[in-house]
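Now for the letters of each chain:
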Amino acid sequence: MRIELNSAPPATFPRAAVSRPTSTEAAPPQDSVCLSGANPAEVSSGPAKHSASGLAVRAGTVALAVAAGITGLSGLAQAMTPVLASPPQAPLASQVRVVEASTAGVNLFSLAQTPAVSSASPASQAVPLALLASQQAQPAKAGTTQKVPDSVKQLTPEFFKQLGDIGYNYNKIPKGQFVLTFDDGPNPKVTPKILDTLKEHKIQGAVFFVTGANAQRYPDLLKRIVAEGHVLGNHTWSHPDLTKVSQATVLSELKKTDAAVDKVLGYDYPLKLVRPPYGATNKSVLGTLHDKYGGKSVVWQVDSLDWRVQSDLRQGKKTTPLTDRIVSGVKAMDKKGNGGVILMHDIHSNTAKDLDKVLDTLEAKGYKMISILDVGKPASK
Ligand SMILES: [Zn+2]
């Protein structure tokens, strides 16, 4: 299946190879509902996906499999590794775009038959379709008196419209400005530290692309993200490659996550920013995302490759520090004359550990971390 980027990638970008999956994340495996590294798109016909290191593509996390008590999958992952050789290196400056990707996770869900949905607590079944339908049908809050934070009130249809889809070549963020995004959480060991660090740096409006399963599992973290001025995005319920499932599944993955978030927060949260797992989309997926779900696709321009740092460190390998990876990514955006969206994951302990240094360094170099809510505004701070 052909996978299309939201924006056509420069022809100079090579196909990225898929790195070997990692075993488990430092974060509790059972919390890593998504196989962060798994990237079916990459294995088959993914878009050009690149990394600041030129190796691209995320290592897989067989955490779910481990959590689900499935054995043998690590071996499978390992066995698949040789297939995924390194790609030609692209010039560093052109390697800002990377897809969160990887390999063996591809079939982990199907093999295991225990996707996040079913491996999660029984409560994951607590959102009946009828409720989903009713919540989707009613933009207004369903009889709740929960206070809606001001930051949430800014997530208006007008805001989403002017923001548009954020593809790999998005140019509405001014040079020197970046929006931080964190995927795959919330995670009880990592997300709180990241929130603490963002607070210390007085950064708001980072986008946390949560999976529905984790949102449901960690309601207090979800509430904290919103309470501290950040924005929630939809990273699907169980992290499938949306180009490889039916459009009905695409829609149900998004709606179920939306409903779970609403249930936790107690009001109708406009969970319209959608980050397709692995950044994999095609016309069909985007059509469903836009027309049936009413969302905007949000990918990234700077991939921190934080999963690789975590993976390298776990294996005792030398690695490029997260700060260096991000600095090279933002410099590449300088050359393009734009700012952009930075991809990280709030499931990797190293990301939480290094974030303060990353932000210190970026701030010292004059970069500004802005709120997604300020993107596209005439007087962006
Ligand atoms: Zn993800």
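Only a predicted model underlies this, so the values are computations on that prediction, with no experimental measurement involved.

Asks: Give me the overall build of the protein: which residues, what numbers.
Replies: A tally of regular secondary structure across the protein gives 16 helices and eight strands. Relative to its 381 residues, the protein shows a buried fraction of 55%.

Asks: Would you mind going over the packing of helix α15 (residues 322-336) against helix α16 (residues 349-364) in detail, with residue names and values included?
Replies: Helix-helix packing is described using two parameters, namely the angle between the two axes and the distance between the axes. Following both chains from N to C, one finds α15 and α16 inclined at 45°, their axes separated by 8 Å at the closest point. The angle between α15 and α16 falls in the class oblique. Judged by the twist between their axes, the crossing of α15 over α16 is right-handed. From α15, Leu322, Thr323, Ile326, Val327 and Val330 reach across to α16, where they touch Asn350, Thr351, Asp354, Lys357, Val358, Thr361 and Leu362. Each residue belonging to the contact of α15 with α16 can be placed in one class, and the counts come to six nonpolar, four polar and two charged.

Asks: Outline the nonpolar core, listing residues and values.
Replies: One finds Val179, Leu180, Leu222, Leu232, Val261 and Ile342 to be the most contacted residues of the largest nonpolar core, which totals 74 residues. Top contributing element to this core by residue count: helix α12 (residues 247-265), with seven residues.

Asks: Run through helix α11 (residues 219-227), naming residues and quoting values.
Replies: Since the α-helix advances by 3.6 residues per turn, residues separated by three or four positions end up pointing in the same direction. Residues of α11 that are buried: Leu221, Leu222, Ile225 and Val226. Buried residues in α11, looked at end-on, bunch into an arc of 140°, giving them a common side. Buried-residue contacts for α11 involve α7 (150-153), α9 (191-200), β2 (207-210), α10 (212-217), β3 (231-234) and α12. Gly229 sits one or two residues past α11 and shows a positive phi near 85°.

Asks: Please set out unusual backbone geometry residue by residue, giving values where relevant.
Replies: A cis amide bond links Gly185 with the next residue in sequence, Pro186, at an omega value of -5°. Within the element layout of this structure, Pro186 appears in the loop between β1 (177-183) and α9. With phi around 70°, Thr236 is a residue other than glycine that occupies positive phi space. With 27 C-beta atoms packed within 10 Å, Thr236 lands in the buried category. Of note in the backbone geometry, Tyr278 takes a positive phi value of approximately 65° without being a glycine. By secondary structure assignment, the location of Tyr278 is in the loop between β4 (273-274) and α13 (283-292). On the basis of neighbour count, Tyr278 is assigned to the buried category, with 34 C-beta atoms found within 10 Å.

Asks: Tell me about the packing of α11 against α12, and name the residues and values.
Replies: In contact at an axis separation of 9 Å, α11 and α12 are set at 85° when each is read in the N-to-C sense. Relative to α12, α11 is oriented roughly perpendicular. In this structure, α11 uses Pro219, Leu222, Lys223 and Val226 to contact α12, whose residues at the interface are Val261, Val264 and Leu265. For the contact of α11 with α12, a count of residues per class yields six nonpolar, no polar and one charged.

Asks: If you had to explain the environment of Leu163 to someone new, which residues and values would you point to?
Replies: In this fold, Leu163 is placed in helix α8 (residues 157-163). We classify Leu163 as buried; it has 20 C-beta atoms within 10 Å. When the C-alpha atoms of Leu163 and Lys296 are compared, they prove to be 8.3 Å apart, with 133 residues separating the residues in sequence. Those residues within four positions of Leu163 in sequence are excluded, and the remaining contacts are Lys296, Val375 and Gly376.

Asks: Tell me what's going on with the confidence of the model for the protein, and back it up with residues and numbers.
Replies: Confidence along the protein averages 73 in pLDDT terms, with 61% of residues attaining 70 or more. Across residues 1-143, confidence stays below pLDDT 50; counting only partners more than four residues off in sequence or on other chains, it has 348 contacts.

Asks: Go over the pairing of β1, please, and point to the residues and values.
Replies: For β1, the tally of buried residues reaches six of seven residues, placing the bulk of the element in the interior. Pairing of β1 with strand β8 (residues 368-369), which is carried by two bridges, proceeds in the parallel orientation. What sits directly across from Phe178, in β8, is Met369. As defined by bridge partners, β1 adjoins strand β7 (residues 340-345) across six bridges and the pair is classed as parallel. Counted as the bridge partner of Phe178 is Gly340 from β7. Sheet topology note: the β1/β2 ladder contains three bridges and is parallel. For Phe182, the partnering residue across the bridge sits in β2 and is Phe208.

Asks: Now, about the environment of Leu198: what can you tell me, with residues and values included?
Replies: Along the chain, the position of Leu198 falls in helix α9. A residue is classified by how many C-beta atoms lie within 10 Å of it, and Leu198, with 23 of them, is buried.

Parameters at a glance
Residues numbered from 1 in each chain as written. Predicted model: local features only at pLDDT ≥ 70, side-chain atom pairs only at ≥ 80, totals over all residues. Helix = DSSP H or I, 4+ residues; strand = E, 2+ residues; numbered from the N terminus. Buried ≥ 20, exposed ≤ 12 C-beta atoms within 10 Å, placed from the backbone. Axes fitted to C-alpha atoms, helices over the stretch in contact; angles between N-to-C directions. Parallel < 35°, antiparallel > 145°, perpendicular 65-115°, else oblique. Left-handed = near helix turned anticlockwise from the far one by under 90°. Contact = placed C-beta atoms within 7 Å. Nonpolar A, V, L, I, M, F, W, Y, C, P; charged D, E, K, R; others polar. Core = buried A, V, L, I, M, F, W, Y, C linked by C-beta atoms within 7 Å. Arc of directions from axis to C-beta. pLDDT = per-residue confidence, 0-100. Pairing = 2+ DSSP bridges.

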